[in-house]
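# Descriptive structure summary
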Amino acid sequence: MTQDSHSPSAAQRFGSLLMAVCLAVMALAVFINVVLRYGFGSGVAASEELSRLLFVWLVCIGATAAYARGEHMAFTALVRRFRHGAAMPWLARLIHLLVVAACVMLAWGAWQQVVVGMDSHSVVLRYPVALLPLPALLCSVAIGGMALRDLVRGRLPDFGHEAEVE
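Parameters and conventions
- Residues numbered from 1 in each chain as written.
- Predicted model: local features only at pLDDT ≥ 70, side-chain atom pairs only at ≥ 80, totals over all residues.
- Heavy atoms only, no water.
- Helix = DSSP H or I, 4+ residues; strand = E, 2+ residues; numbered from the N terminus.
- Expected span 1.5 Å × (residues − 1).
- 1 Å grid on protein atoms, 1.4 Å probe; cavity = no way out; pocket = protein on both sides within 12 Å on 5 of 7 lines; lining within 4 Å.
- Points joined across faces, edges and corners; volume = space filled by probe spheres on them.
- Nonpolar A, V, L, I, M, F, W, Y, C, P; charged D, E, K, R; others polar.
- Disulfide = S-S within 2.5 Å.
- Buried < 20%, exposed > 50% of the residue type's maximum accessible area, 1.4 Å probe, protein only.
- Contact = heavy atoms within 4.5 Å.

For helix H2 (residues 45-68), which comprises 24 residues, the first-to-last C-alpha distance of 36 Å matches the rise-based estimate of 34 Å (1.5 Å per residue) to within 8%. Gly70 occupies a position one or two residues after H2 and carries a positive phi of about 75°.

The subject of this paragraph is the layout of surface pockets. Approximately 320 Å³ is the volume attributed to the second largest pocket. Around the second largest pocket, the lining comprises 16 residues; the ones closest to its centre are Gly15, Cys60, Ile61, Thr64 and Ala65. Mapped onto the lining of the second largest pocket, the elements with two or more residues apiece are helix H1 (10-40), H2 and helix H5 (134-153). Counting residues per element, the lining of the second largest pocket draws most heavily on H2, which supplies 6 residues. Counted by class, the lining of the second largest pocket contains 13 nonpolar, 3 polar and no charged residues.

Attention shifts here to the state of the cysteines. Formally, a disulfide is one covalent bond, and it connects the sulfur atom of one cysteine to the sulfur atom of another. This structure, assessed with the given rule, holds 0 disulfides. There is no disulfide at Cys103, and the cysteine sulfur nearest it, in Cys139, is 7.1 Å away. Residue classification places Cys103 among the buried residues on the basis of a relative accessible area of 10%.

Within the secondary structure, Ile61 is located in helix H2. The exposure class of Ile61 is buried, given its relative accessible area of 15%. Residues Ile61 and Cys22, spaced 39 residues apart in sequence, show a C-alpha to C-alpha distance of 10.0 Å. Setting aside residues no more than four positions away along its own chain, Ile61 makes contact with Gly15, Leu18 and Met19.

Right, let's get into H5. If you check H5, its first and last C-alpha atoms are 29 Å apart, about what 20 residues at 1.5 Å a residue would give, namely 28 Å. Inspection of H5 places Pro135, Ala136, Leu137, Cys139, Ser140, Ile143, Gly144, Met146, Ala147 and Asp150 among the buried residues, and these make up the whole buried set. Buried positions along H5 lie against H2 and helix H4 (88-117). Immediately downstream of H5, the backbone of Gly154 shows phi near 70°, a positive value.

In structure tokens, the structure reads:
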């Protein structure tokens, strides 16, 4: 059985499941905390730390998933003029190269924060503080890898979403 180009891959389904779990746990933790705080005058301190950690992971997983689907914001008005010209392949390479460069810088900074956070623990839940910058590191590696693959393959950027925003 061949996979349809529009059907999600196993990695995309897993990413969507992770995002759903993060969002569900965040919503439940915040809801319980609100009910306890306003209904009984005390809350669960761990709820805020857990929600913050899950929100960071949710954003980074979502950013990676959006890049894989070509749904990140793009300056299509600027690039549209070159879409069918001879300059477009070179412009596409430049775009992918800039994304790779940005990911390298983000990964380097996130790695430094992971190293610093390995010996520290959060105040309430006592998880290693390295878990906060870790999703940025993983996200930058994943997006940088996809951009590098597109750079090597000479893949043109996907402008299919331009009708939705312009």
